[in-house]
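Each chain, letter by letter, is given below.
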Amino acid sequence: MHSAPDSERWPVPLRFVCLGVTCAVLTACASGPTLRLDTYTVGNARHAAALAEGIAAQGATRVGASILVQYAPVMLALMQDHNAVGELDERLKACAVHADERGNALFFNNNRAPTRAECLEELAQDECGRPITRAMRLGQQKHVLALECARKVLEELWPAPFSIEQRYRFYPTARFVETISPEKEASIIAQGCTEQLWGSIKPDIALHADRNLLKAVLTLDFKFPCPDTNPPRWTPYGTSSPYSGKDQGVIYKEALGGRAMMISPRGIVVPHE
């Protein structure tokens, strides 16, 4: 069985994705706007996944160029085949590319990428009066598309459990981590008590080696910079965070172990040390 049972995995929820904004710390009115998906976005998630499924494993034979093999060699031990790791690499990158293209198509008829000015354009405000920009909308919609695609890829290729958008509570001093169930998270958010999620982390994908879902051999976040000329980057934590002075990638590694990498339309980004 490739993935964890439904009780241990997350469905792809509606989420706010911060791009270029320090928003990793959740408070009652500082958790970021709640962006809701339209039916067109949801429908296109399956279309993007189908497109990525059609990507052949032609890049899988280029094992020497695989970021996953070079920087997460444990992947080879788990998958036991160079070409399988290469195919996983290629298909996850394809998920990002197709999500980027389909996400842009939701806003622009000619499927072009937005300009810097368009990325900064304010489309609405959240309940706290903070602006919701086009970059935020695009980031959220592209994440839905990418994660739907990635789920299908991992169900096919990953030989162990994996988690999609699992929220964890991490206590760095005690070096202790625990999961927050999707039901609990939804209840907290519905009650407007998001300060209870302060200091929690929620990576896009965690690949586990076994049934211990508190450890990951690799943690992955999709990043869709807006404009696309910006490099992908980990979100830094602010001074009010228990992780002040660090960024997502560092904390993912400290909390879950293993490597932490970003996937953007440009490819899988080599982690910093």
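What you are looking at is a predicted structure, and each value in this text was computed from that prediction instead of being measured. (Residues numbered from 1 in each chain as written. Predicted model: local features only at pLDDT ≥ 70, side-chain atom pairs only at ≥ 80, totals over all residues. Heavy atoms only, no water.)

K.L.:
Mind laying out the state of the cysteines, listing which residues take part and the relevant values?
P.N.:
By the definition in use, this model includes 2 disulfides. Each sulfur in the disulfide pair cysteine 119 and cysteine 226 lies 1.9 Å from the other. Taking the torsion about the sulfur-sulfur bond, which here is approximately -85°, the covalent link between cysteine 119 and cysteine 226 counts as left-handed. One end of the pair, cysteine 119, is in helix α5 (residues 116-120); the other, cysteine 226, is in the loop between β8 (218-222) and α8 (248-256), with 107 residues separating them in the sequence. Its relative accessible area of 15% is what places cysteine 226 among the buried residues. (Disulfide = S-S within 2.5 Å. Helix = DSSP H or I, 4+ residues; strand = E, 2+ residues; numbered from the N terminus. Buried < 20%, exposed > 50% of the residue type's maximum accessible area, 1.4 Å probe, protein only.)

K.L.:
Could you give an account of the environment of lysine 142, with specific residues and numbers?
P.N.:
Of note, lysine 142 is situated in helix α6 (residues 134-157). Considering only alpha carbons, one finds lysine 142 and leucine 106, 36 residues apart in sequence, at a separation of 9.9 Å. Not counting chain neighbours up to four residues away, the residues in contact with lysine 142 comprise Ala99, Asp100, Gly103, Asn104 and Phe224. (Contact = heavy atoms within 4.5 Å.)

K.L.:
Explain the packing of aromatic side chains residue by residue, including any values.
P.N.:
Aromatic ring pairs are defined here through the distance separating the ring centres and the angle between the ring planes. In this structure the tally under the stated criterion is 6 aromatic pairs. A centroid spacing of 5.1 Å and a plane angle of 75° characterise the contact between tyrosine 237 and tyrosine 243, whose relative ring orientation is edge-to-face. Tyrosine 243 shares its class with tyrosine 237; the two are buried. Joined through ring pairs, the aromatic side chains of Phe170, Tyr237 and Tyr243 make up one cluster. (Phe/Tyr/Trp six-rings, centres within 6.5 Å; stacked < 30°, edge-to-face > 60°.)

K.L.:
With reference to specific residues and values, describe the pairing of strand β5 (residues 176-180).
P.N.:
As paired elements, strand β4 (residues 167-171) and β5 share 5 bridges and run antiparallel to each other. Directly across from tyrosine 168, in β5, lies its bridge partner threonine 179. Where β4 hands over to β5, the hairpin turn is made up of 4 residues, of which arginine 175 adopts a positive phi near 55°. (Pairing = 2+ DSSP bridges.)

K.L.:
Just give me the short version of the environment of glutamate 122, but keep the residues and values in it.
P.N.:
By the element assignment, glutamate 122 lies in strand β1 (residues 122-125). For glutamate 122, a relative accessible area of 45% corresponds to the partly exposed category. Separated by 15 residues in the primary sequence, glutamate 122 and arginine 137 have C-alpha atoms spaced 10.0 Å apart. With residues up to four places along the chain from it excluded, the contact list for glutamate 122 reads Pro131, Ile132 and Thr133. A distance of 3.4 Å separates polar atoms of two side chains, one belonging to glutamate 122 and the other to glutamine 125. (Polar contact = N/O pair within 3.5 Å; in protein donor to acceptor, adjacent residues only side chain to side chain.)

K.L.:
Which residues make up the sheet that holds β4, and what values go with them?
P.N.:
Ordered by their spatial adjacency, 3 strands build an open sheet running β5-β4-β6, and the pairing between neighbours is antiparallel. Both edges of this open sheet fall to β5 and β6 (200-201), since each of them pairs with a single strand only. Most of the contacts of α8 go to β4, to which it runs at about 80°, and overall it touches β4, β5 and β6. (Axes fitted to C-alpha atoms, helices over the stretch in contact; angles between N-to-C directions.)

K.L.:
Got a sec to walk through the side chain of histidine 143? Specific residues and values, please.
P.N.:
Mapped onto the elements, histidine 143 comes out in helix α6. By relative accessible area, histidine 143 is classed as buried at 2%. At 2.8 Å, the side chain of histidine 143 and the backbone oxygen of phenylalanine 222 are in polar contact.

K.L.:
Can you break down the confidence of the model for the chain residue by residue, with the values?
P.N.:
In regions of low pLDDT, the predicted coordinates are not meant to be interpreted in detail. Taken over all residues, the pLDDT of the chain has a mean of 80, while the share at 70 or more is 75%. For the chain, the element scoring lowest by mean pLDDT is helix α1 (residues 39-53), at 48; strand β7 (residues 205-207) scores highest, at 98. The low-confidence segment residues 1-37, where pLDDT is below 50, has 125 contacts with residues more than four positions distant or belonging to other chains. Note on residues 55-64: pLDDT under 50 across the span, and 16 contacts to partners over four residues away in sequence or across chains. (pLDDT = per-residue confidence, 0-100.)

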